[in-house]
Every structure is written in C-alpha cells, then in structure tokens.
Amino acid sequence: MDKNIQNNTQNNQATLALGTEPVGKLLLQYAMPAIVAMTASSLYNIIDRAFIGQVVGAEAIAGLGITFPFMNLSAAFGAAVGVGASTCISVKLGQRDYATAERLLGNTVTLNLIVGAVFMAVCLLFLDPILRFFGASDVTLPYAREFMQVILLGNMITHMYFGMNAVLRAAGKPRHAMYATLFTVGMNILLVIAFVWWLRWGIRGAALATIASQSMALCWQLWLFSDKSELLHLKRGIYRLKRDLVKNIISIGISPFLMNLTSCVIVIFMNNQFVRYGGDMAVGAYSIANSVVMVFFMFVIGITQGMQPIVGYNYGAQRYDRMLKCLWLAIAAATTILAVGWLLAMLFPSQIARIFTTDDTLIRLSSRGIRVNMVVFFVVGSQAVITNFFQCIGKVKISIFLSLSRQLLMLLPMAIAFPMFWGLDGVWYSMPASDFASFAMTIPMLWWYLKKVKKLKG
C-alpha cells in the first residue's frame with residue numbers, strides 16, 4: 001500500500017510539472033524521447049527499403065511505394081483515436097479530472113480494437129482492386145499485395161500499439177513511449193535482416209518483421225497500463241464506450257484523421273501521375289524521395305508529440321503564457337531541423353539515392369526528385385507545428401482547414417496543372433509549390449489567434 005501511495009504521488013507530481021516546470025526544459029524532456037523514437041523509426045524505414053531495394057529489386061521499391069496510401073489510410077483511423085484520446089486525456093489531467101482521463105483510456109482500447117478489425121476486414125476483401133486504384137501495375141501489384149496482406153492481418157496490433165504510445169506521452173511518460181518505439185525499431189531491424197536477407201522471404205518478410213516487433217512492444221505497453229499504482233491504469237468498468245467521450249475523442253481526432261486521409265488521396269493521385277508521366281521507376285523515385293523527407297520530418301513529428309501534453313495541459317489550466325512559449329520554441333526547433341535537411345538534400349541527393357538502390361535509372365530519377373521535393377523544406381516545420389498547436393487546444397475547424405490546405409487545396413490542383421506544362425518535372429514541382437503556399441496561409445491564422453489570446457489575458 002505504501003508503495004502504491006508513493007507511486008501515485010510521483011505520478012501526480014509528474015503530471016502537475018506540466019504547469020510548473022520551465023517550458024523549455026519540459027519541451028526538451030517530452031520532445032527528445034519522441035524525437036529519438038521517431039528518428040529511429042525513420043531510420044528503420046530507410047533500412048527496410050534499402051534491404052528491399054538491394055535484395056529484392058527496384059520493382060519491389062516501386063511496389064512498396066504503392067502501399068503508402070494504405071499506410072496513410074490506416075494511420076488516419078489510428079490517429080482519429082490515438083491523437084484524439086491523448087489530447088483529451090492531457091486536457092483532463094490539466095483540469096485534474098483523473099476519473100474521466102481513466103475512462104478515456106478504456107475507451108481508447110475499445111475504439112482501437114473496433115476500428116482496426118473493421119479496417120482489416122474491408123481492405124482484405126477488396127485488396128487487389130484497391131491496389132489497382134492506388135496505381136499498381138502488373139509488375140508492382142504482386143509486391144504490394146504480399147506486403148499489405150501481412151500488414152492488414154496485424155492491423156489491430158498496429159492501431160493499439162500507436163494508440164497506447166500516444167496515451168503514454170499524455171500521461172507524463174514520454175520516456176516509456178520512446179522505449180517502446182526504440183524496442184520496436186531495433187527488433188524490426190533484426191527481424192528484417194533475418195527474414196529478408198537471411199531467409200529470403202522478400203517483401204512479405206519485411207511486413208512480418210513490422211507486425212512481430214509491434215506485437216512484442218504492445219505486450220509491454222499493456223503491462224505498464226495494468227499497474228494499479230499508476231495514475232492511469234486499465235481496470236474493469238472503463239472499456240464500455242461512452243457517447244460523450246467518443247464524441248470528444250473523434251472531434252479532436254478528426255483533424256489528424258483528415259490530414260492522413262488527404263495524404264492517402266494525394267499519394268494515390270501522385271502515384272498515378274508518376275506512372276502516367278514516368279512509369280514504374282518514377283513511382284519508385286517518389287517512394288525514395290518520400291522516405292528521405294520523412295527522415296527529417298520525423299523530427300518535427302517528435303516535436304509536435306512533445307508539445308502536445310504541455311500545450312494541452314496549460315490550455316486546460318488557462319496558463320496561456322506557458323502555452324505560447326511552448327509554441328514558439330517548437331517552431332524554432334522544427335525550422336532549424338528542416339533547414340539542415342534542406343542543406344543535405346541540396347548537396348548530396350545522388351549519394352542519398354544510392355542507399356536505396358543500385359539501379360542507375362532509379363538513382364537519376366530519385367536524385368532529381370529529392371532535390372526538387374525539398375527545395376523549400378525549411379518552411380514546412382512551422383506549418384506542421386502551428387497546425388498541431390490548434391489541434392492541441394481543441395480548435396478543430398482551424399486545424400482541419402490548415403491540415404487540408406497543403407494537400408487538397410494546394411497540391412492537388414498544382415499536381416494536375418503543372419504536368420501539362422512540364423511533364424514529369426511538373427509533378428515534382430507541385431510539391432514544393434504547395435508547401436510554400438500552405439505556409440503562407442498558416443501565418444495569418446496564427447496571427448489572428450495570438451490577438452485573441454492577448455484579449456483573454458486582459
């Protein structure tokens with residue numbers, strides 16, 4: 001009993017520190033584990049694709065690129081639950097409503113199981129037609145099918161794993177979330193080496209490695225949440241879905257859901273555009289360029305994950321000065337990191353492309369794609385942070401609008417129009433053009449909200 005009281009006291013102190021500790025220290029404390037975890041995850045993706053490209057072949061890289069919309073679509077449903085629930089939990093902890101925060105945890109588990117099972121069943125039933133719609137050709141379809149069959153069978157595990165990691169961060173345990181991700185990445189790499197390189201199971205082996213490593217990490221997460229001494233823990237009576245809680249989760253989660261959903265739509269469209277103007281190798285180059293972008297953008301995702309509990313808690317506690325200080329620090333960090341990514345992409349595109357393939361044609365296409373795609377990369381970080389900021393404080397409509405601005409309002413029309421003038425290069429040009437246009441749209445929205453906060457502070 002004494003141990004339980006001591007643990008509860010420590011958990012409460014960790015949560016209350018979100019409103020008392022220096023903001024810079026908190027952001028570093030919460031963002032660094034997420035950054036380490038996200039960076040490790042992105043490095044895994046590079047190693048995964050490098051093994052597939054080097055061992056299986058260039059066509060397999062193109063086939064893997066076809067699966068990006070599927071992964072984005074799955075992430076969209078996972079984010080609707082995981083991000084929505086973690087934000088709601090952060091706000092409730094800021095309000096010291098611990099009972100509701102615990103019920104939110106239980107509803108998160110139930111929603112992840114339901115959403116994951118339905119998504120798996122529907123997609124497996126119509127797998128080939130969906131992949132064809134996503135841009136698969138006769139050459140790339142077998143690779144994409146082999147990969148997605150395994151990923152979809154493990155979809156409930158994936159949803160639960162990411163959902164529990166989001167809740168760990170919201171509950172004041174960013175290091176535990178980092179440990180889960182690092183374990184998953186490390187185990188994934190070992191299993192990819194065993195399955196793809198040693199056993200020669202091809203692209204299916206890469207998918208098996210992903211699901212197996214996530215399963216092991218999920219077991220540890222559930223063990224953590226089964227500890228009754230924790231402020232938030234799994235227990236009877238919290239799993240039955242409550243309409244008001246589900247409504248709050250979805251209302252917050254709709255923004256990242258739509259962002260990932262539009263990413264899915266855009267990647268489908270872009271895959272088809274690349275096939276139309278450049279063939280399967282152009283799709284492979286797009287896959288490689290996206291992988292490079294995500295290496296650096298994972299840093300930004302880590303920063304936004306780190307700021308989420310800090311912003312959510314202080315918004316709930318009406319500590320607006322601390323909330324805004326966290327925002328400015330996050331913008332500065334994200335911009336600096338992506339500026340480094342921009343510099344590397346401008347100077348070493350060919351060397352980066354060679355990590356993924358030895359095919360000269362794919363190297364040439366990827367090198368140009370990396371450089372063009374990242375030409376204004378340094379402005380992307382602030383747009384992502386500001387969009388996430390509005391999500392953290394429950395400004396759903398603004399967050400949704402900003403989430404959609406780059407992809408649907410900007411990228412889609414440009415990706416249609418630009419190739420009419422510049423062919424394959426036009427498809428590439430549309431991406432940096434939309435990045436800059438959406439950045440220009442985000443700044444006035446933030447300025448408007450800052451004026452509103454100034455009035456609230458009196």
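Quick notes on the rules
- Think of each chain on its own: its residues are numbered from 1, step by step along the sequence as written.
- Given that the model is predicted, a residue must reach a pLDDT of at least 70 before its local features are reported, and side-chain atom pairs must reach 80 or more before they are shown or counted; all residues, however, enter totals for whole chains, interfaces and linings.
- Side-chain metrics in this entry use all non-hydrogen atoms of the structure; hydrogen atoms and water are not considered.
- Helix and strand labels come from DSSP, where a helix needs a run of H or I of at least four residues and a strand needs a run of E of at least two; each type is numbered from the N terminus.
- The globule rule used here is 2.2 Å times the number of residues to the 0.38 power, and the radius of gyration it is set against is calculated over C-alpha atoms.
- Categorising residues by exposure relies on relative accessible area from a 1.4 Å probe, with only protein chains included: less than 20% of the type maximum marks a residue as buried, more than 50% marks it as exposed, and the intermediate range marks it as partly exposed.
- Throughout, a contact is declared for two residues whenever any of their heavy atoms are within 4.5 Å.
- The Shrake-Rupley method, run with a 1.4 Å probe, gives the accessible areas here. Residue values count only the displayed protein chains as cover.
- Only four residue types enter the charge count: Lys and Arg as positive, Asp and Glu as negative, with His and the chain ends excluded.
- Here the site of a charge means NZ on Lys, CZ on Arg, CG on Asp, or CD on Glu.
- Counting rule for disulfides: a pair of cysteine sulfur atoms within 2.5 Å.
- Each polar contact in these results corresponds to two N or O atoms within 3.5 Å; when the atoms are within protein, one needs to be able to donate a hydrogen and the other to accept it, and residues that are neighboring in sequence are counted only if both atoms are side-chain atoms.
- Cavities and pockets were defined on a 1 Å grid built from protein atoms only: a cavity is a group of points that admits a 1.4 Å probe but offers it no way out, a pocket is an open group of points flanked by protein on both sides within 12 Å along at least five of seven lines, and a lining residue is one with an atom within 4 Å of any such point.
- Grid points are joined across faces, edges and corners, and a volume is the space filled by probe spheres set on the points.
- Classification used: nonpolar for Ala, Val, Leu, Ile, Met, Phe, Trp, Tyr, Cys and Pro, charged for Asp, Glu, Lys and Arg, polar for all others including Gly.
- To get an axis, a line is fitted to the C-alpha atoms, and for a helix only the part in contact is used. The angle between two axes follows their N-to-C directions and goes from 0 to 180 degrees.
- We call two directions roughly parallel when the angle between them is under 35 degrees, roughly antiparallel when it is over 145, roughly perpendicular when it lies between 65 and 115, and oblique otherwise.
- Definitions for this section: a left-handed crossing has its near helix turned counterclockwise from the far helix by less than a right angle. A right-handed crossing has that turn clockwise.
- Any Phe, Tyr or Trp ring, taking Trp's six-membered ring, that has another such ring centre within 6.5 Å forms a pair; planes under 30 degrees apart are called stacked, those over 60 apart edge-to-face, and the others tilted.

**Student:** Go over the overall build of the protein chain with me, naming the residues and quoting the values.
**Tutor:** Per the secondary structure count, the protein chain includes 18 helices and zero strands. The globule rule puts the C-alpha radius of gyration for 458 residues at 23 Å, and the 22 Å found for the protein chain is close to it. Projecting the C-alpha coordinates of the protein chain onto the three principal axes gives extents of approximately 65 × 50 × 35 Å. Classification of the 458 residues of the protein chain by burial places 57% in the buried group. The long-range fraction of contacts in the protein chain, counting pairs at least 24 apart against all pairs at least 6 apart in sequence, stands at 83%. In the form shown here, the protein chain has an accessible surface area of approximately 18,800 Å², with 66% of it arising from carbon and sulfur atoms. Here the protein chain carries 36 positive and 18 negative side-chain charges, and the mean point of each set is 11 Å from the other.

**Student:** Give me the lowdown on unusual backbone geometry, citing residues and values where you can.
**Tutor:** Of note in this structure, arginine 200 is not a glycine but carries a positive phi near 60 degrees. Along the polypeptide, arginine 200 turns up in the loop between helix H9 (174–198) and helix H10 (202–225). Taking relative accessible area as the criterion, arginine 200 reaches 52% and is therefore assigned exposed. In the Ramachandran plot, glutamine 318 falls in the positive-phi region, its phi being about 60 degrees despite a non-glycine side chain. Along the chain, glutamine 318 turns up in the loop between helix H12 (280–316) and helix H13 (320–347).

**Student:** So, the state of the cysteines: which residues are in play, and what are the values?
**Tutor:** Counted according to the given criterion, the structure contains zero disulfides. There is no disulfide at cysteine 392, and the cysteine sulfur nearest it, in cysteine 326, is 8.2 Å away.

**Student:** Can you tell me about the side chain of threonine 304, naming the residues and giving the values?
**Tutor:** Residue placement: threonine 304 occurs in helix H12. Look at threonine 304 and you get buried, because its relative accessible area is 8%. From its side chain, threonine 304 meets the backbone oxygen of isoleucine 301 in a polar contact 2.8 Å long. Those residues in contact with threonine 304, other than ones at most four positions away along the chain, are Ala384, Val385 and Asn388.

**Student:** Could you give an account of the layout of surface pockets, naming the residues involved and the relevant values?
**Tutor:** By volume, the largest pocket amounts to about 200 Å³. Looking at the lining of the largest pocket, the elements that each hand over two or more residues are helix H4 (68–94), helix H5 (98–125), helix H11 (243–278) and helix H16 (380–392). In terms of residues, the lining of the largest pocket owes the most to one element, H11, which gives five residues. Of the residues belonging to the lining of the largest pocket, the class tally is nine nonpolar, six polar and two charged.

**Student:** Give a detailed account of the packing of H13 against H16, specifying residues and quantitative values.
**Tutor:** Orientation of H13 relative to H16, taken along the N-to-C sense of each, is 150 degrees, at an axis distance of 7 Å. The angle between H13 and H16 falls in the class roughly antiparallel. For the crossing formed where H13 meets H16, the hand is right-handed. Contact residues: H13 offers Met323, Leu324, Leu327, Ala330, Ile331, Ala334, Thr335 and Leu338, while H16 offers Val380, Gly381, Ser382, Val385, Ile386 and Phe389. Grouping the constituent residues of the contact of H13 with H16 by class yields 11 nonpolar, three polar and no charged.

**Student:** Run through the environment of valine 283, naming residues and quoting values.
**Tutor:** In this fold, valine 283 is placed in helix H12. On a C-alpha basis, the gap between valine 283 and isoleucine 61 in space is 8.5 Å, while along the polypeptide they are 222 residues apart. Apart from the residues lying within four places of it in its own chain, the contact partners of valine 283 are Ala62, Ile66, Asn271, Phe274 and Val275.

**Student:** Outline the packing of aromatic side chains, listing residues and values.
**Tutor:** As enumerated under the stated definition, the model contains 18 aromatic pairs in all. On the numbers, 5.7 Å between centres and 75 degrees between planes, the contact of tryptophan 422 with tyrosine 429 is edge-to-face. With relative accessibility at 27%, the residue tyrosine 429 sits in the partly exposed group.

**Student:** If you had to explain the side chain of serine 434 to someone new, which residues and values would you point to?
**Tutor:** Following the sequence through the fold, serine 434 ends up in helix H18 (residues 424–457). Of the residues examined, serine 434 reaches a relative accessible area of 0% and is grouped as buried. Not counting residues up to four positions away in its chain, the partners in contact with serine 434 are Arg406, Met410, Leu411 and Met414.

**Student:** Lay out the packing of H11 against helix H17 (residues 396–422) in plain terms, naming residues and giving numbers.
**Tutor:** Two quantities define a packed helix pair, namely the angle between the helix axes and the distance between the axes. In contact at an axis separation of 8 Å, H11 and H17 are set at 5 degrees when each is read in the N-to-C sense. As the angle between them shows, H11 and H17 are arranged roughly parallel. Partitioned by chemical class, the residues of the contact of H11 with H17 number 17 nonpolar, eight polar and no charged.

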